[in-house]
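# Working through the structure, step by step
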Amino acid sequence: MTQFLQTLFDGLTVGSLYALIALGYTMVYGILKFINFAHSDVFALGVWMTIVWSKWLGLGQPGAAPTPWYMGALVLVLAMASCGLVGFVIERVAYKPLRSAPRLNVLITAIGVSLLLQNTGQLKFVFGPYPKPIPSLIDSTELFSMMGVSVRMADVAVIGTAAALMIAMQWLIFGTKLGAAMRAVSFNTRNASLMGINVDLVISFTFVVGSMLAAAAGFLYAMKYEGQAKQTADSMWVMLGLKAFVAAVVGGIGNVRGAVIGGLLIGLIEFFGVSYLSSHYRDAYVFAILILVLLLRPEGVLGKATVEKV
Amino acid sequence: MVGVDDMLSVENLSVSYGAIKALHGISLRVERGEIVTLIGSNGAGKTTTLRTISGLVRAAAGSISFEGVPIGKLPPHQIVRMGIAQAPEGRGVFANMSVDENLSLGAYARHDKEQIDKDRQRALELFPRLRERLAQSAGTLSGGEQQMLAIARALLARPKLMLLDEPSLGLAPQVVATIFKIIREINAGGTTILLVEQNAHMALNVAHRAYVLEVGKIAMEGPAAELAKSDEVRRAYLGHG
Ligand SMILES: Nc1ncnc2c1ncn2[C@@H]1O[C@H](COP(=O)(O)OP(=O)(O)OP(=O)(O)O)[C@@H](O)[C@H]1O
Ligand SMILES: [Mg+2]
């Protein structure tokens with residue numbers, strides 16, 4: 001029972017990180033109909049921005065005083081703002097000139113942007129090639145234990161922040177005028193512009209929001225794994241991003257609620273697989289589910305079956 | 001040629017899609033308060049004309065001005081803000097959204113909330129069918145209802161000039177009659193209309209003036225009633241031998 005609950009809790013925690021990243025994949029796909037492969041790098045950048053801003057503010061360094069919660073929140077906001085800016089620039093510089101180009105060209109450009117970000121990050125005057133420790137912004141001792149499940153402050157922060165952001169996204173997309181514009185652009189760009197919607201602005205906004213969510217996921221990842229040393233270009237970043245992408249596909253690419261459900265689902269499958277089957281196949285479970293979904297329900301859990309538009 | 005009352009004036013407009021030339025230097029004008037119709041058969045370039053006016057397609061040559069301001073280089077959303085709304089070919093409703101949300105999107109560029117509410121009420125008075133279906137997803141509406149929604153949505157932009165692209169397409173005769181009756185009412189309410197149609201009979205009946213477009217060129221123009229009487233138009237577009 002304890003093992004089950006602990007696995008459930010861990011799966012949901014990591015799953016909510018996948019969900020935050022998956023939202024970015026799915027929103028960009030919904031509007032521009034391509035997979036933004038550079039999105040996992042924006043997530044990694046979120047972790048790095050957390051490291052850099054914390055260091056700059058002198059927070060969470062070895063021997064430093066405990067970080068007050070509002071300073072932690074400040075680092076979160078700064079990381080989100082930096083990544084939002086990077087997302088904005090990526091879209092304007094790399095993708096906007098290709099607005100009417102074939103989707104394959106855009107896809108290849110996205111891979112190029114991804115490589116560019118990875119390699120720029122390793123430059124000596126950027127983040128450098130060597131591992132850097134993640135700051136300890138949060139108390140890592142156990143907060144409480146319930147029915148044998150150990151709950152740390154970091155876990156509460158991760159789940160709480162992720163849930164708050166996802167609820168905010170739900171409100172943004174389904175409850176605001178801007179959200180209606182995003183859905184209109186996603187449905188038909190041309191007709192959206194006939195409504196007086198500034199399509200370029202909506203697309204930029206989508207990239208900024210998606211990048212900010214990825215940055216938040218990066219920050220929360222740093223909360224969960226505080227104290228560990230991480231490398232700039234680690235295949236782990238790509239793997240995490242890839243799993244979030246799988247989550248978006250499993251939930252139904254282009255569907256924001258699907259991204260949340262897909263993220264949680266992937267997190268649960270990964271952790272239950274590790275906990276009850278074997279920890280050797282951590283990544284394999286995720287991709288097995290992808291294959292299964294693509295075979296049985298290619299449109300994803302919440303996606304609608306659509307005929308490819310010409 | 002350019003009259004003082006011209007609301008819209010299109011001069012020598014040429015438009016190409018890659019190697020295909022769709023418009024070969026057409027000129028037309030719409031005066032304030034008019035219903036002007038642009039008729040022609042399939043592929044004549046009617047939709048291209050409306051798309052170019054709305055800024056969705058860029059002209060290779062020629063000019064478009066609206067109330068004396070050149071709009072040929074403006075992006076579509078700014079053209080809407082200047083007062084030109086379009087109910088596009090194929091209706092273009094957002095099928096994944098409710099009728100209500102579609103109407104709200106029509107007023108997207110506006111901020112005068114009270115007037116928007118009044119305009120919404122007026123649109124729903126013109127199209128009572130839509131009022132019963134406000135919460136329904138627009139994709140589940142019938143073709144006629146979708147056309148009504150497309151026109152109502154364009155009305156919510158509170159346009160000075162409304163562009164309608166084949167509102168009668170695929171609709172039963174009774175529904176077509178209703179739509180044309182409403183077009184007349186909208187015009188009587190002060191909105192100028194440029195109506196693209198293949199249904200020349202109905203279009204010439206409702207319009208003040210007409211242009212006949214044939215493979216990218218204006219073949220004829222004049223008062224609608226006169227064109228309806230001309231042998232050429234009767235033979236080619238009204239089905240009289
Ligand atoms: N996106 C496009 N790419 C290439 N050619 C196009 C495109 N759109 C229209 N055309 C061509 O331009 C010409 C004019 O098309 P347009 O749609 O303006 O005609 P139309 O008068 O609206 O016809 P219909 O009554 O069938 O709607 C046609 O020959 C058409 O094939
Ligand atoms: Mg047409």
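On a predicted model such as this, the values are computed, not experimentally measured, just so you know. (Residues numbered from 1 in each chain as written. Chains lettered and ligands numbered in written order. Predicted model: local features only at pLDDT ≥ 70, side-chain atom pairs only at ≥ 80, totals over all residues.)

### Regarding the overall build of chain A
In terms of regular secondary structure, chain A is built from eleven helices and four strands. Taking 2.2 N^0.38 as the reference for a compact globule, 310 residues should give roughly 19 Å; the C-alpha atoms of chain A span a radius of gyration of 19 Å, in line with that estimate. Burial statistics for chain A: of 310 residues in total, 49% are counted as buried. Restricting the contact set of chain A to residue pairs at least 6 apart, pairs at least 24 apart contribute 77%. (Helix = DSSP H or I, 4+ residues; strand = E, 2+ residues; numbered from the N terminus. Rg over C-alpha atoms; globule rule 2.2 N^0.38 Å. Buried ≥ 20, exposed ≤ 12 C-beta atoms within 10 Å, placed from the backbone. Contact = placed C-beta atoms within 7 Å.)

### What to know about the confidence of the model for chain B
The predicted coordinates should not be examined in detail at positions where pLDDT is low. Confidence in the prediction for chain B averages 94 pLDDT; 98% of positions are at 70 or higher. Across the whole predicted complex the pTM is 0.91, and at the interface the ipTM reaches 0.94. (pLDDT = per-residue confidence, 0-100.)

### Notes on the nonpolar core
All names here are of chain A. Counting 171 residues, the largest nonpolar core has Ala19 and Ala216 as its most contacted members. A total of 17 residues in this core trace back to one element, the largest contributor, which is helix H8 (residues 199-224). Filtering out sequence-adjacent residues up to four positions away, alanine 19 remains in contact with Ala162, Met166, Ala247, Ala259, Val260, Gly263 and Leu264. (Core = buried A, V, L, I, M, F, W, Y, C linked by C-beta atoms within 7 Å.)

### A look at the sheet that holds strand E9 (residues 209-214) of chain B
Sheet strands associate in pairs through backbone hydrogen bonding, adopting either a parallel or an antiparallel arrangement. Residue and element names in this part refer to chain B. The strand order across the open sheet built from six strands is E6-E7-E8-E3-E9-E10, with neighbouring strands paired in mixed fashion. Unpaired on one side and paired on the other, strand E6 (84-87) and strand E10 (217-223) mark the two borders of the sheet. When strand polarity is set aside, the average angle formed by the axes of neighbouring strands in this sheet is 15°. Of the pairings in the sheet, the one linking strand E3 (residues 35-39) to strand E8 (residues 192-197) comprises five bridges and is parallel in character. Each residue of the ladder has a partner; that of leucine 38, found in E8, is valine 196. On the sheet, helix H7 (residues 173-188) packs against E3, strand E7 (161-165) and E8 and is oriented at approximately 155° with respect to E8. (Pairing = 2+ DSSP bridges. Axes fitted to C-alpha atoms, helices over the stretch in contact; angles between N-to-C directions.)

### As for the sheet that holds strand E4 (residues 61-66) of chain B
Residues and elements named next belong to chain B. Read from one edge of the open sheet, four strands run E2-E1-E4-E5, paired in antiparallel fashion. One side of each edge strand has no neighbouring strand; the edge strands of this open sheet are strand E2 (20-31) and strand E5 (69-70). Here five bridges tie strand E1 (residues 6-17) to E4, and the two strands are oriented antiparallel to one another. Looking at the pairing, leucine 8 lines up with phenylalanine 66 of E4. Contacts from helix H1 (residues 46-53) reach E1, E2 and E4, with the element oriented near 65° to E2.

### Observations concerning the site of ligand 1
Residues and elements named next belong to chain B. In the neighbourhood of ligand 1, 13 residues make up the surrounding shell, with Tyr17, Ala22, Lys46, Thr47 and Thr48 lying closest. At the level of secondary structure, the elements contributing two or more residues to the shell around ligand 1 comprise E2 and H1. Considering every element that reaches the shell around ligand 1, the biggest residue donor is H1, with three residues. (Near = placed C-beta within 6 Å.)

### Quick look at the interface of chain B and chain A
With 19 residues of chain B in contact, the opposing surface of chain A contributes 14 residues. Among the secondary structure elements, those contributing two or more residues to the side of chain B that touches chain A are helix H2 (76-82) and helix H3 (99-106) of chain B. A class-by-class count of the residues in the side of chain B that touches chain A yields ten nonpolar, seven polar and two charged. (Nonpolar A, V, L, I, M, F, W, Y, C, P; charged D, E, K, R; others polar.)

### Remarks on the environment of A:Ile291
Residue and element names in this part refer to chain A. With respect to the helices, strands and loops of the structure, isoleucine 291 is situated in helix H11 (residues 282-296). Residue isoleucine 291 is classed as exposed on the basis of its 10 C-beta neighbours within 10 Å. Considered as a pair, isoleucine 291 and phenylalanine 144 are 147 residues apart in the sequence and their alpha carbons are 39 Å apart.

### Notes on unusual backbone geometry
Residues and elements named next belong to chain B. One non-glycine residue, arginine 91, adopts positive backbone phi at about 75°. Relative to the elements of secondary structure, arginine 91 occurs in the loop between E6 and H3. Phi at valine 215 is positive, roughly 30°, even though this residue is not glycine. The topology assignment puts valine 215 in the loop between E9 and E10.

### Some thoughts on the pairing of strand E2 (residues 142-146) of chain A
Residue and element names in this part refer to chain A. When you tally the buried positions in E2, you get zero out of five residues, a small fraction of the element. Pairing of E2 with strand E3 (residues 149-152) involves four bridges; the strand directions are antiparallel. Its bridge partner being in E3, phenylalanine 144 is matched across the sheet by valine 151. Hairpin remark: E2 followed by E3, antiparallel, with two residues in the connecting loop; positive phi at methionine 147, about 50°.

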